[in-house]
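Structural overview
Given next are the chains, with one letter for each unit.
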Amino acid sequence: MGHCETDTLPQQVDLREGWHLFLTEAGAWSDPSMCSDDVEAVEATVPGTVAGALERADRFDRTDPRPLNDLDAWYFLDFAGEKPGPATLVFEGLATIAEVYWNGEKRADVTSMFVAHELAVTLTGDDRLAICFRALAPHLDKRGPRARWRPQMIVPQGLRLVRTTLLGHMPGWCPPVQAVGPYRPVRLVRARSVTPQDVRLRATLDSDGVGHLTVSFLGDGFDGTPELRCAGFGVEMALAEDGRWSAELSVANVEAWWPHTHGRPDLHAVEIHVGGQSHAIGRTGFRRLDIDRGPDGSDFSLRVNGVPVFCRGAVWTTADIVDLPGERERYEPLLRTGAEAGMNMLRIGGTMTYETQAFFDLCDELGILVWQDFMLANFDYPASDPDFATLVHTEAEQFLRRTAASPSLAVLCGGSEMFQQAAMLGLPRPAWSGALTDSILPQAVEALRPDVPFVANSPSGGAMPFSPNVGVTHYYGVGAYCRPLEDARRAHVRFAAESLAFANVPVQSTLDAHLPVPAVHDPRWKARVPRDRGASWDFEDIRDHYLGLLYDCDPVRLRREDPPGYLDLSRAVSGEVMEATFSEWRRPQSSCNGALVWTFQDLLPGAGWGVVDSTGLPKPAWHALRRAFRPVQVLLSDEGTNGLDVHVLNESDRQRAMTVEIVCLRDGRQPVVSGRRDLVLEAREAITIAATDLFGAFFDTTYAFRFGPPSHDVTVATLREGEIAAPVAQAFHFPSGRAKALLAGNATAGLVQADEDWVLRIEADRLLQSVHIDCPGFLPSDNWFHLAPGETRDIRLTRTDGGEWPSGEVNALNLASPVSF
């Protein structure tokens, strides 16, 4: 089923309130009749988790979580006054080993948190529903078929035998918050008469711009023959012998769905008209997806509606590690933050959990593509066990039906790092894959979502699964492996489903509120810094490596002698590395077709992998990605003795008249040479211009020839459109490094009111690096940006907590003294 409107579904009630939770020792109660007042009850809401209920009762600390897998958790709900009669209980997700009782009788056993269940019941007017979540720990101790490899990052190894999330079981980066409870809705459903039920939608787009919509549903008692309508077109439906009405509708010249960086994510309502009534059964978007693997089969480029799309974004974790929420209101602020950063793809990795339809509804609306792993990662799973294989097939089938109408679903993948794990441990190629990735999952995708490309595993494709120059890789050359920035080109990355993991430092207000401890060596700080289990280093060490490389300083000495300065450079450096790497990957001559940063959001406050902190506030790295991901962009690339290349990109769906300007500055303020050119770029066009062509003469822009001392320390490229004074995009190149251009400058800052928001107007007399704005209660539209001299930069300040008058401070890495406003 796709996105369906509630007025067409059977009458349903979300059983959200009135639940009571009891925790007991494993096996203490064999059935609900043993419930005793000796055990204290905790009020709980559904959907929710045991950890969430305990946290709201002040009995659980997510920063120091108590184990939950060794306890039984009983949920009770009493029904009083419900109209007697038949009904169906729907359980959309129970984590993980559960028993369902109705009026004391066990009616269902659950063995996967990823499989939904339906239970027919008869209401009497005085009923009790009980769900027992049995302790998972004994199941994790069981022995299964011998594993050919054992991953280090996940514990215990018994998780490969149980269909549950790996969140909470990955020491080194994920707090041990164990998922237990009815984390997805429980509903009571009564049948309605004369309404479409079990609705199934599928929408595709052909190369001629004709959309094709296939719809089927169950229903009887209609007054006439139903008509399917969408986008101004309609067709009568036919009734098959199995009782399903079905039709295929062709929609000529339909407005297609696009990722928001390349066009509008148009969605269309789908309706059934019958007997003078209209039933809204959902909505969908028309788009066409395919993977271009190039003439030799080594490439990996996602094409949407025939157009190559450079996919950029991040790997999603969860909206909250305690609640594992699936409600629209919990997703929306985060997903809008992603879209505002220019992200056009999010990946849900195999170590996480399936998100709800609300997640995909928002991605449909926002124009965000979704790379979806099935929930498999790293392990050698017992695919030969028929019960296990059936569970995986069922969860895949349910997920594919649930998201069938979502145009945002762009890639389906058989899991994360299973091939890589086997290859790194020396197993031969035939051992990397198995029935799950070779047959069970691809067959389910072909049957239910043939419009979505399937990738067997991430990474995969090359001589080694993780080889970056073929297929899909997880690229950490720049990053964990401390390779120079030039490795982003040298590695010939095709598509990075993960990349650029750093311990990204959040803004100071987040640290002051949630982690007010000395940075780096305080154990409470270090506990939030991600590391690979068993490694002698962590991702703060990685960030420090690039801090020293880019800013020519000793991070150990700096953090001892100037802790605030160390934190500011730490905030700046990960964003600088990300911008530089994506600049390389997005230039027209690059082999790269997309890259996703690891990860989107943190699980706890601190210097985690996320570019958004756990409170939902963007980190400095987010602002860097926002600049790196602009669909209309100017980039600079150092081509050595070939000089500096200027790349101008227009990924949008319309022609643009623009002007590109370039200037080289000595001492961060004195123009040495400059040039400009008016351009007209067609939709989806990208061009490359040699800087010397803009200057009209030779100039050693990259300082490659070294005829004497360098004549400049920074080159600034600016892209403008029409009469708009503010630049559309800017790029900076430091021929002798960033440190050489850290010359003290001065700035002014003033407030201007604009509609309901405020604008902060900033000017500088010298190039300022990593200008940052601290304005409590307000979110700047840009932050941690470079500011060229003589340029006026207007930064919109958006209220976040109801504050009326913004006040704060502007600073920069090389500002002589902070400026208050």
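All figures in this text were calculated on a predicted structure; none of them were measured in a lab.

1. Overview of the sheet that holds strand E9 (residues 126–133)
Taken in spatial order, the six strands of this open sheet run E3-E2-E4-E9-E6-E7, and their pairing is antiparallel. At either margin of the open sheet sits one strand with a lone partner, and together these are strand E3 (42–44) and strand E7 (105–110). Direction aside, neighbouring strands of the sheet carry axes that sit 25° apart on average. Pairing analysis gives five bridges linking strand E6 (residues 98–102) to E9, with the strands arranged antiparallel. Paired with Tyr 101 across the strands is Ala 130, a residue of E9.

2. A word on the nonpolar core
Nonpolar side chains in soluble globular proteins tend to be buried together. Within the largest apolar cluster, 202 residues are counted, with the highest numbers of intra-cluster contacts made by Trp 19, Trp 316, Phe 359, Trp 371, Trp 525, Phe 582 and Trp 585. Among the elements that take part in this core, helix H13 (residues 563–586) stands out by supplying nine residues, more than any other. The contact partners of Trp 19, leaving out residues within four places of it in the chain, are Val 42, Glu 43, Ala 44, Val 46, Tyr 75, Phe 76, Leu 77, Leu 129, Ile 131 and Val 186. Membership of the second largest hydrophobic core comes to 22 residues, among which are Val 634, Val 646, Leu 679 and Leu 719.

3. Observations concerning the confidence of the model for the protein
Per-residue pLDDT for the protein has a mean of 96; in total, 98% of the residues score no lower than 70. Overall, residues 1–9 carries pLDDT values under 50, and its contacts beyond four positions in sequence, including any with other chains, amount to 37 contacts.

4. Considerations on the side chain of Asp 645
As for its placement among the helices and strands, Asp 645 is situated in strand E31 (residues 644–650). For the buried Asp 645, which has no salt bridge, the nearest side chain bearing the opposite charge is Arg 587, at an N-O separation of 6.5 Å. Setting aside residues no more than four positions away along its own chain, Asp 645 makes contact with Leu 635, Leu 636, Ser 637, Glu 639, Thr 688, Ile 689 and Ala 690.

5. What to know about the packing of aromatic side chains
Applying the stated rule across the entire model yields 37 aromatic pairs. Geometrically, the ring pair formed by Phe 502 and Tyr 546 is edge-to-face, given 5.9 Å between the ring centres and 85° between the ring planes. Here Phe 502, found in the loop between strand E28 (495–499) and helix H9 (508–514), pairs with Tyr 546, found in helix H11 (residues 539–551); they are 44 residues apart in sequence, far enough to count as distant. On the basis of relative accessible area, Phe 502 is assigned to the buried category, the value being 0%. Since its relative accessible area comes to 0%, Tyr 546 is described here as buried. Centre to centre, the rings of Phe 582 and Phe 629 are 4.9 Å apart; their planes meet at 85°, and the pair counts as edge-to-face. Taken together, the positions of Phe 582 in helix H13 and Phe 629 in the loop between helix H14 (620–628) and strand E30 (632–638) put the pair 47 residues apart, joining distant regions of the chain. Since its relative accessible area comes to 0%, Phe 582 is described here as buried. Its relative accessible area of 0% is what places Phe 629 among the buried residues. An aromatic cluster of at least three residues, connected via ring pairs, comprises Phe 114, Trp 316, Tyr 331, Tyr 354, Phe 359, Phe 360, Phe 374, Phe 399 and Phe 600.

6. Focus on the pattern of salt bridges
Side chains that differ in charge, positive against negative, can pair when their charged atoms come close. Tallied over the entire structure, the rule returns 59 salt bridges. For the salt bridge of Glu 332 with Arg 328, the shortest nitrogen-to-oxygen distance reads 3.6 Å. Remark: Arg 328 and Glu 332 occur in helix H3 (residues 328–340); sequence separation between them is four residues, near one turn of the helix. For Arg 328, a relative accessible area of 31% puts it in the partly exposed group.

7. Section: a nonpolar patch on the surface
Taken together, the side chains of Phe 698, Phe 705 and Phe 707 present a nonpolar region at the surface, about 380 Å² in accessible area. Within the secondary structure layout, Phe 698 lies in the loop between helix H15 (691–695) and strand E35 (714–721).

8. Focus: unusual backbone geometry
Put simply, Val 155 and Pro 156 share a cis peptide bond, and its omega is -5°. Residue position: Pro 156 is located in the loop between helix H2 (137–140) and strand E10 (186–190). For the peptide bond that leads from Ser 458 to Pro 459, omega is 5°, which places it in the cis range. Note on placement: Pro 459 falls in the loop between strand E26 (454–455) and strand E27 (472–475). Although it is not a glycine, Leu 500 adopts a positive phi angle of roughly 55°. Turning to its location among the elements, Leu 500 is positioned in the loop between E28 and H9. According to the relative accessible area criterion, Leu 500 is buried, its value standing at 0%.

Here is what the cut-offs are and how they apply
- Residues numbered from 1 in each chain as written.
- Predicted model: local features only at pLDDT ≥ 70, side-chain atom pairs only at ≥ 80, totals over all residues.
- Heavy atoms only, no water.
- Pairing = 2+ DSSP bridges.
- Helix = DSSP H or I, 4+ residues; strand = E, 2+ residues; numbered from the N terminus.
- Axes fitted to C-alpha atoms, helices over the stretch in contact; angles between N-to-C directions.
- Core = buried A, V, L, I, M, F, W, Y, C linked by side-chain atoms within 4.5 Å.
- Buried < 20%, exposed > 50% of the residue type's maximum accessible area, 1.4 Å probe, protein only.
- Contact = heavy atoms within 4.5 Å.
- pLDDT = per-residue confidence, 0-100.
- Lys, Arg positive; Asp, Glu negative; His and termini not counted.
- Salt bridge = Lys/Arg side-chain N within 4 Å of Asp/Glu carboxyl O.
- Phe/Tyr/Trp six-rings, centres within 6.5 Å; stacked < 30°, edge-to-face > 60°.
- Patch = residues over 30% accessible without salt bridge, like charges linked within 9 Å, V, L, I, M, F, W, Y side chains within 5 Å.
- Areas by Shrake-Rupley, 256 points an atom, 1.4 Å probe, with all protein chains shown as cover.

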